[in-house]
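Chain and residue survey
Listed below, chain by chain, are the residues.
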Amino acid sequence: MKNSDKNTNIFLDGCNNHLFIELSDYEASINTGGFTVANKTDKSVDFYTWGPASAPTKFTLPKNKSKNFSGKYVLYDSNLDKKFFVPVLSEELDNGGEYSFTSEDNQLDFSGAEG
């Protein structure tokens, strides 16, 4: 019998709990090729992410929350009063990068997190 014809069973040691730890958003973004976005505004923010191998996907990030996203770009409406659409396309984002939405008056901005 050739190796390719054999069935292989894999068992995990139930006492080996370190196999099941949860990654932080930052750690997950490094492993998945994504980035972390924090919403530092007082409103939910709608935006799209996409990359070379993924279609645009719409997300809503609640106020004062952060989350990991995949892709390479972000598209968002920079006008918060919603009277008209003012689209902004980000530059190519870094894998493992940390970014945030901030606002002043009716203007929404997206930038790299301050260190």
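Okay, so let's go over this structure. (Residues numbered from 1 in each chain as written. Predicted model: local features only at pLDDT ≥ 70, side-chain atom pairs only at ≥ 80, totals over all residues. Heavy atoms only, no water.)

1. Brief notes about the packing of aromatic side chains
The condition is simple: The pairing test for Phe, Tyr and Trp rings, Trp by its six-membered ring, is centres within 6.5 Å, and the orientation test on the planes gives stacked under 30 degrees, edge-to-face over 60, and tilted for anything in between. Secondary structure is summarised from DSSP: a helix means a run of H or I of at least four residues, a strand means a run of E of at least two, and numbering begins at the N terminus for each. For every residue, the accessible area (1.4 Å probe, protein chains only) is compared with the maximum for its type, and the residue is labelled buried under 20%, exposed over 50%, or partly exposed between those bounds.
What the rule picks out here adds up to 11 aromatic pairs. Between Phe47 and Phe101, the aromatic rings sit 5.2 Å apart at their centres with planes inclined by 50 degrees, giving tilted as the arrangement. Placement of the pair is Phe47 in strand β2 (residues 45-51) and Phe101 in strand β7 (residues 98-104), with a sequence separation of 54 residues. For the residue pair Phe47 and Phe101, the accessibility class agrees, reading buried in each case. By the ring-pair criterion, three or more aromatic residues cluster together here, those being Phe35, Phe47, Phe59, Phe69, Tyr76, Tyr99, Phe101 and Phe110.

2. Section: the pattern of salt bridges
Worth spelling out the cut-off: A pair is scored as a salt bridge if a Lys or Arg side-chain nitrogen falls within 4 Å of a carboxyl oxygen belonging to Asp or Glu.
The final tally for this structure, using the stated rule, is one salt bridge. Among the salt bridges present, the one from Glu92 reaches Lys72, with a minimum N-O distance of 3.7 Å. Of this pair, Glu92 sits in the loop between β6 (87-89) and β7 while Lys72 sits in the loop between β4 (66-69) and β5 (73-77), and the two are 20 residues apart along the sequence.

3. What to know about the nonpolar core
Our working definition: Among buried residues, those of type Ala, Val, Leu, Ile, Met, Phe, Trp, Tyr and Cys that are joined through side-chain atoms within 4.5 Å constitute a nonpolar core. Only heavy atoms enter the contact rule, under which two residues are in contact if any of them lie within 4.5 Å.
Counting residues in each nonpolar core, the largest one holds 14 residues, and the members touching the most others are Phe35, Val37, Phe47, Val74, Tyr76, Phe101 and Phe110. In this structure Val74 touches Phe35, Phe47, Tyr48, Thr49, Val88, Leu89, Ser90, Leu93, Phe101 and Phe110, once residues within four positions along its chain are discounted.

4. Notes on the environment of Phe84
Here Phe84 shows up in the loop between β5 and β6. Each residue touching Phe84, except ones within four places of it in the same chain, is listed here: Asp77 and Asn79.

5. Points about the sheet that holds strand β1 (residues 35-39)
We count it as follows: Think of it this way: DSSP has to see at least two bridges between two strands before they count as a pair. Note on geometry: axes are lines fitted to C-alpha atoms, helical ones only across the stretch in contact, with angles between N-to-C directions running from 0 to 180 degrees.
With mixed pairing, four strands are arranged side by side in an open sheet as β4-β1-β7-β8. At either margin of the open sheet sits one strand with a lone partner, and together these are β4 and β8 (107-112). Ignoring strand direction, the axes of neighbouring strands in this sheet form an average angle of 25 degrees. Of the strand pairs in this sheet, β1 and β4 are connected by four bridges, and their pairing is antiparallel. Residue pairing for β4: Thr36 is matched across the bridge by Asn68.

6. Comments concerning the sheet that holds β2
Adjacent strands of a sheet form backbone hydrogen bonds with each other and so pair up, either parallel or antiparallel. Strand order in this open sheet of four strands is β3-β2-β5-β6, and the pairing throughout is antiparallel. Strands at the two margins of the open sheet, each flanked by one partner only, are β3 (54-61) and β6. Each strand axis lies, on average, 20 degrees off the axis of its neighbour in the sheet, ignoring direction.

7. What about the layout of surface pockets?
For the record, the criterion: Note on definitions: the grid is 1 Å and covers protein atoms alone; a cavity is a set of points where a 1.4 Å probe fits but cannot get out; a pocket is an open set with protein on both sides within 12 Å along at least five of seven lines; lining residues have an atom within 4 Å of a point. Grid points are joined across faces, edges and corners, and a volume is the space filled by probe spheres set on the points. When residue character is reported, Ala, Val, Leu, Ile, Met, Phe, Trp, Tyr, Cys and Pro are called nonpolar, Asp, Glu, Lys and Arg charged, and the others, Gly included, polar.
When its volume is computed, the largest pocket comes out at roughly 200 Å³. Looking at the largest pocket, it is lined by 14 residues, and the ones nearest its centre are Asp46, Phe47, Tyr76, Asp77 and Lys82. Elements that contribute at least two residues to the lining of the largest pocket include exactly β2 and β5. The dominant element in the lining of the largest pocket, judged by the number of residues it contributes, is β2, at four residues. Residue classes in the lining of the largest pocket are distributed as eight nonpolar, one polar and five charged.

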